[in-house]
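Spelled out from the first residue to the last, the chains are:
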Amino acid sequence: MNSTTPKTTTEHRKFPDDVILALHEADVTATCLPVQIDEKDWQAGFFYVMDPKAPCLKTATGEKNKTLQGPYAVGLDADLHEHEKGTMIELGFEIHTPIEPCKAIMLFLTGHTSVHFDALKLLSKQEAIPLFMGDEYCNILWQQWIPVNDAFRNGLTGLMDESVRRDALIRMSGHYDPDQVFADTLAQRKLV
C-alpha cells in the first residue's frame, strides 16, 4: 500500500488517504500500515483513531481538546494465536494518556495479505515506530516515535517465523481459512 504522511506544516493535517480508507473499509480504529515519512525509507506506522469520549480529549472546563500534549509512554505486546485453520499475530499497544490509557489491538494474518506480512517485517527491523493519534475524522492530534528494542524485534521475528511455518503446513493439508481464523479470534476476544 502506498501511503505517505502529510508534510509537517501549520496547515490542517490528516492521516494519509490510504490509511483512512483502510480504517473505514475494515471498520477498525487502529491499524499498522507501511508508510513513507518525509520521502524517507518505508516503515510500519501505527494509526489510532481516538474515541471522541476519551477522557484525555476533555479540557478542565469540559470542552474538547483540538490537540494532545505528549509525548506519552507506550506499552507494546505481541502474541501468536494458533487456530486449526491458520495463524494470527496479535499486536497490542497501550498509550498512557492522562486520566486513563488508550488501548488498541491489531490482528495480522501473515499468510492472507502481503500488507500484513510487510508491516510486520518492517516492524521487526525498525528502531522506532511512528504513532499517529487522530480524532474521529482522522485529523492528527498527536504524533510521536515509539522506541523499540532488540527483544521486541527478535520476539516479533520469532512470531512471524512460527506463523509462516504453521500456515504452510495448514495450507498443505487443505484446511487454511484466514476468514474463519479472523472471525473466531474476534469472537473469542469478544471484539464483535
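All values derive from a computational prediction rather than experimental measurement.

**A look at unusual backbone geometry**
- The omega angle of the peptide bond from Gly70 to Pro71 is 5°, so this bond is cis rather than trans.
- In this structure, Pro71 sits in the loop between strand E2 (42-49) and strand E3 (74-83).
- One non-glycine residue, Asp38, lies in the positive phi region at around 50°.
- Within the secondary structure layout, Asp38 lies in the loop between strand E1 (30-36) and E2.
- For Asp38, a relative accessible area of 38% puts it in the partly exposed group.

**What to know about the side chain of Glu90**
- Locating Glu90 in the fold gives a position in strand E4 (residues 86-95).
- Among the polar contacts listed, one links the side chain of Glu90 to the side chain of His81, at a separation of 2.7 Å.
- Residues contacting Glu90, with those up to four places away along its chain left out, are Asp77, Ala78, Asp79, His81, Ile105, Met106, Leu107 and Arg189.

**Brief notes about the sheet that holds E3**
- With antiparallel pairing, 3 strands are arranged side by side in an open sheet as E3-E4-E5. Edge positions in the open sheet fall to E3 and strand E5 (102-108), since each of these has one partner strand only. With strand direction ignored, the average angle separating the axes of adjacent strands in the sheet is 20°.
- As paired strands, E4 and E5 are joined by 7 bridges and run antiparallel to one another. Residue pairing for E5: Leu91 is matched across the bridge by Met106.
- Sheet strands touched by helix H3 (residues 150-173): E3 and E4. Its angle to E3, the strand with the most contacts, is close to 15°.

**Considerations on the pattern of salt bridges**
- Applying the stated criterion to the full structure yields 4 salt bridges.
- Taking the shortest distance from any N to any O, the salt bridge between Glu94 and Lys103 comes out at 3.5 Å.
- Taking relative accessible area as the criterion, Glu94 reaches 24% and is therefore assigned partly exposed.
- Taking relative accessible area as the criterion, Lys103 reaches 56% and is therefore assigned exposed.
- For the salt bridge of Glu162 with Arg165, the shortest nitrogen-to-oxygen distance reads 3.3 Å. Residue Glu162 and its partner Arg165 are located together in helix H3, separated by 3 residues, close to a single helical turn.

**Section: the confidence of the model for the chain**
- With 88% of its residues at a pLDDT of 70 or more, the chain has an overall mean of 87.
- Across residues 1-11, where pLDDT falls below 50, the model places 27 contacts with residues more than four positions away in sequence or in other chains.

**Thoughts on the sheet that holds E1**
- What the 4 strands build is an open sheet, ordered E1-E2-E6-E7; its pairing is mixed. The two strands at the open ends of the sheet, each matched to only one other strand, are E1 and strand E7 (140-147). Across this sheet, the average inter-strand angle for adjacent strands is 25°, counted without regard to direction.
- In terms of strand pairing, E1 meets E2 through 7 bridges, oriented antiparallel. Opposite Cys32, over in E2, you have Phe46 as the bridge partner.
- Where helix H2 (residues 114-123) meets the sheet, it contacts E1, E2 and strand E6 (128-134), and its direction lies at approximately 75° from that of E1.

**Here's the deal with the nonpolar core**
- Core analysis: the biggest nonpolar cluster contains 34 residues, and Phe46, Met50, Phe93, Ile95 and Leu123 have the highest contact counts within it.
- Contact partners of Ile95, with chain neighbours within four places excluded, come to Tyr48, Tyr72, Ala73, Val74, Pro101, Cys102, Leu131 and Met133.
- Ile20, Leu33, Phe47 and Val49 belong to the second largest nonpolar core, which has 14 residues in total.

**Brief notes about the environment of Arg13**
- Mapped onto the fold, Arg13 is located in the segment before helix H1 (17-26).
- Residue classification places Arg13 among the buried residues on the basis of a relative accessible area of 18%.
- Sequence separation of Arg13 and Gly134 is 121 residues, and the distance between their C-alpha atoms is 9.7 Å.

Procedures and definitions
Residues numbered from 1 in each chain as written. Predicted model: local features only at pLDDT ≥ 70, side-chain atom pairs only at ≥ 80, totals over all residues. Heavy atoms only, no water. Helix = DSSP H or I, 4+ residues; strand = E, 2+ residues; numbered from the N terminus. Buried < 20%, exposed > 50% of the residue type's maximum accessible area, 1.4 Å probe, protein only. Polar contact = N/O pair within 3.5 Å; in protein donor to acceptor, adjacent residues only side chain to side chain. Contact = heavy atoms within 4.5 Å. Pairing = 2+ DSSP bridges. Axes fitted to C-alpha atoms, helices over the stretch in contact; angles between N-to-C directions. Salt bridge = Lys/Arg side-chain N within 4 Å of Asp/Glu carboxyl O. pLDDT = per-residue confidence, 0-100. Core = buried A, V, L, I, M, F, W, Y, C linked by side-chain atoms within 4.5 Å.

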